[in-house]
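Take a look at the letters that make up each chain.
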Amino acid sequence: KRVSEPKEQRRPWKIWFYDTSKQAVGALFIHFYNVFLSSHTEEDPCFLYLLNFILDTTLGMLLIWLGVKVVSRIVQRKKYKYLIFGEYG
């Protein structure tokens, strides 16, 4: 993904690493949660993973989007310059 960004807008390696590591940690958490949940229920592990994936990509994304909007508005109103999303200084 980093290579496909235009050279003049390409994120530095450190920022790219921070952005991608958040996704990796989230994926690992979901994976281990599914393994734990499937060992404590009678359900098919694949079904639980699919259900979790669908909830994460629909309801989860909606909640994240709403959270970002709310926090962004608070940051704008309070004029917190160090809490702007995507700005790493």
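Residues numbered from 1 in each chain as written. Predicted model: local features only at pLDDT ≥ 70, side-chain atom pairs only at ≥ 80, totals over all residues. Heavy atoms only, no water.

The name an unreviewed UniProt entry gives the protein is STIMA regulator, with Ramphastos sulfuratus as the organism.

*Asks:* How should I be thinking about the overall build of the protein in this particular structure?
*Replies:* Looking only at helices and strands, the protein features two helices and zero strands. Relative to its length of 89 residues, the protein is extended, with a C-alpha radius of gyration of 18 Å against a globular reference of 12 Å. Where the 13 positive side-chain charges of the protein centre and where its 8 negative ones centre are 18 Å apart. (Helix = DSSP H or I, 4+ residues; strand = E, 2+ residues; numbered from the N terminus. Rg over C-alpha atoms; globule rule 2.2 N^0.38 Å. Lys, Arg positive; Asp, Glu negative; His and termini not counted. Charge placed at Lys NZ, Arg CZ, Asp CG, Glu CD.)

*Asks:* Explain the packing of helix H1 (residues 13-39) against helix H2 (residues 45-78) to me, please; I cannot follow it from the model alone.
*Replies:* To characterise two packed helices, one gives the angle between the axes of the helices and the distance between these axes. Two elements in contact, H1 and H2, have axes whose closest approach is 10 Å; the angle formed by their N-to-C orientations is 140 degrees. By the criterion of interaxial angle, the relationship of H1 to H2 is oblique. The interaxial crossing formed by H1 with H2 has right-handed handedness. Counted together, Ile30, Tyr33, Asn34, Leu37 and Ser38 of H1 and Pro45, Leu48, Tyr49, Asn52 and Asp56 of H2 form the full contact between these two elements. By residue class, the composition of the contact of H1 with H2 is six nonpolar, three polar and one charged. (Axes fitted to C-alpha atoms, helices over the stretch in contact; angles between N-to-C directions. Parallel < 35°, antiparallel > 145°, perpendicular 65-115°, else oblique. Left-handed = near helix turned anticlockwise from the far one by under 90°. Contact = heavy atoms within 4.5 Å. Nonpolar A, V, L, I, M, F, W, Y, C, P; charged D, E, K, R; others polar.)

*Asks:* Help me understand a nonpolar patch on the surface, please; the structure alone is not making it clear to me.
*Replies:* On the surface, Phe47, Leu51, Leu55, Leu59, Leu62, Leu63, Trp65 and Leu66 cluster together to form a nonpolar patch covering roughly 770 Å² of accessible area. Secondary-structure assignment places leucine 66 in helix H2. Look at leucine 66 and you get partly exposed, because its relative accessible area is 40%. (Patch = residues over 30% accessible without salt bridge, like charges linked within 9 Å, V, L, I, M, F, W, Y side chains within 5 Å. Areas by Shrake-Rupley, 256 points an atom, 1.4 Å probe, with all protein chains shown as cover. Salt bridge = Lys/Arg side-chain N within 4 Å of Asp/Glu carboxyl O. Buried < 20%, exposed > 50% of the residue type's maximum accessible area, 1.4 Å probe, protein only.)

*Asks:* Got a minute to help me understand H2 in this structure?
*Replies:* Three or four residues apart is the spacing at which side chains of an α-helix point the same way, because the helix has 3.6 residues per turn. The terminal C-alpha atoms of H2, which comprises 34 residues, lie 46 Å apart, in line with the 50 Å expected from a rise of 1.5 Å per residue. Bending of H2 peaks at approximately 35 degrees at the position of aspartate 56. The complete set of buried residues in H2 reads Leu48, Asn52, Gly60 and Val75. Elements in contact with the buried residues of H2: H1. (Expected span 1.5 Å × (residues − 1). Bend = angle between axes of the 7 residues up to and from the residue.)

*Asks:* I would appreciate a short explanation of H1 in the present structure.
*Replies:* When the terminal C-alpha atoms of H1 are compared, their 38 Å separation across 27 residues agrees well with the 39 Å that a helix rising 1.5 Å per residue should span. When H1 is considered as a whole, its buried residues turn out to be Ile15, Asp19, Asn34 and Ser38. Where H1 is buried, its residues touch H2.

*Asks:* Would you mind showing me how to read the pattern of salt bridges here?
*Replies:* Side chains that differ in charge, positive against negative, can pair when their charged atoms come close. Counting across every chain of the model gives three salt bridges. The shortest N-O distance in the salt bridge between glutamate 5 and arginine 11 comes to 2.8 Å. A relative accessible area of 15% means that glutamate 5 is categorised as buried. With a closest N to O distance of 3.7 Å, aspartate 19 and lysine 22 form a salt bridge.

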